[in-house]
Amino acid sequence: MEEKKNVIDKRSIKLEDVMKSDYIPFLGGRPDRQKVIGSDDVINLSIVLNTSDSVEELLKNISK
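In short, a report on the structure. (Residues numbered from 1 in each chain as written. Predicted model: local features only at pLDDT ≥ 70, side-chain atom pairs only at ≥ 80, totals over all residues. Heavy atoms only, no water.)

**Points about the overall build of the protein**
So, step 1. Regarding its fold elements, the protein presents three helices and zero strands.
So, step 2. Counting helices and strands in the order they occur from the N terminus, the protein gives α-α-α.
So, step 3. Relative to the compact-globule value of 11 Å for 64 residues, the protein shows a C-alpha radius of gyration of 21 Å, a clear excess of over 25%.
So, step 4. Within the protein, the fraction of its 64 residues that count as buried is 5%.
So, step 5. Of the roughly 6,800 Å² of accessible surface on the protein, 56% is carried by carbon and sulfur atoms.
So, step 6. In the protein, 11 side chains carry a positive charge and 12 a negative one; their mean positions are 3 Å apart. (Helix = DSSP H or I, 4+ residues; strand = E, 2+ residues; numbered from the N terminus. Rg over C-alpha atoms; globule rule 2.2 N^0.38 Å. Buried < 20%, exposed > 50% of the residue type's maximum accessible area, 1.4 Å probe, protein only. Areas by Shrake-Rupley, 256 points an atom, 1.4 Å probe, with all protein chains shown as cover. Lys, Arg positive; Asp, Glu negative; His and termini not counted. Charge placed at Lys NZ, Arg CZ, Asp CG, Glu CD.)

**A look at the pattern of salt bridges**
So, step 1. The final tally for this structure, using the stated rule, is one salt bridge.
So, step 2. A salt bridge links Lys 20 to Asp 17; the nearest nitrogen and oxygen atoms lie 3.7 Å apart. (Salt bridge = Lys/Arg side-chain N within 4 Å of Asp/Glu carboxyl O.)

**Description of the environment of Asp 9**
So, step 1. Looking at where Asp 9 falls in the secondary structure, it is placed in the segment before helix H1 (15-18).
So, step 2. For Asp 9, a relative accessible area of 38% corresponds to the partly exposed category.

Shown next as structure tokens:
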């Protein structure tokens, strides 16, 4: 009869995660942007960040 062993997997990076198509390696750099983030976009984001009362409101305002 086979004994069950209590094995705890402490790996931070697992092979099954690395094999996924959307995996971004640690310190692998940022993905390529489709377009450049302009200064107007940065200013608008800063305004939304400073005027939102909650994360939910922030996400709702960003998705507009």
